[in-house]
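Residue-level structural notes
Residue strings, one per chain:
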Amino acid sequence: MLNVTLNATRNATYNATRNATMNATYNATDNPTYNATNDATLNVTFNATNDATLNVTFNATWNAIKEALKDVR
């Protein structure tokens, strides 16, 4: 009976310590790496998409203005 209690206590302590260590390591290492990579990738994708969209919009607007000005001349 004492062995069962000791084993249960030892296992619980081991699991709690291991989980805390693994979580701390993950949070300190993997999370920042993932977040930085993710942010960088999303930024590049967003900027490229945004630039492309703005270019199309700007060019269409600019072409419309040029066409309208042709009639004024």
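Before any of the text, the structure's been laid out above.
Residues numbered from 1 in each chain as written. Predicted model: local features only at pLDDT ≥ 70, side-chain atom pairs only at ≥ 80, totals over all residues. Heavy atoms only, no water.

Here we take up the packing of aromatic side chains. Tallied over the entire structure, the rule returns one aromatic pair. Arranged with centres 6.5 Å apart and planes meeting at 5°, the rings of Phe 58 and Trp 62 form a pair that is stacked. Here Phe 58 and its partner Trp 62 are both found in helix H1 (residues 2–72), four residues apart, which amounts to about one turn of the helix. Judged by its relative accessible area of 42%, Trp 62 is partly exposed. (Phe/Tyr/Trp six-rings, centres within 6.5 Å; stacked < 30°, edge-to-face > 60°. Helix = DSSP H or I, 4+ residues; strand = E, 2+ residues; numbered from the N terminus. Buried < 20%, exposed > 50% of the residue type's maximum accessible area, 1.4 Å probe, protein only.)

Right, let's talk about H1 for a bit. Taking 1.5 Å of rise per residue, 71 residues should cover 105 Å, and H1 covers 99 Å from first to last C-alpha, within 8% of that figure. The largest bend in H1 is about 35°, located at Tyr 26. (Expected span 1.5 Å × (residues − 1). Bend = angle between axes of the 7 residues up to and from the residue.)

Here the focus is the pattern of salt bridges. All chains considered together, the criterion is met by one salt bridge. Between Lys 70 and Glu 67 there is a salt bridge whose closest N-O contact spans 3.0 Å. On the criterion of helical spacing, the pair formed by Lys 70 and Glu 67 is a turn pair, its members being three residues apart in helix H1. Owing to a relative accessible area of 44%, Glu 67 belongs among the partly exposed residues under this scheme. (Salt bridge = Lys/Arg side-chain N within 4 Å of Asp/Glu carboxyl O.)

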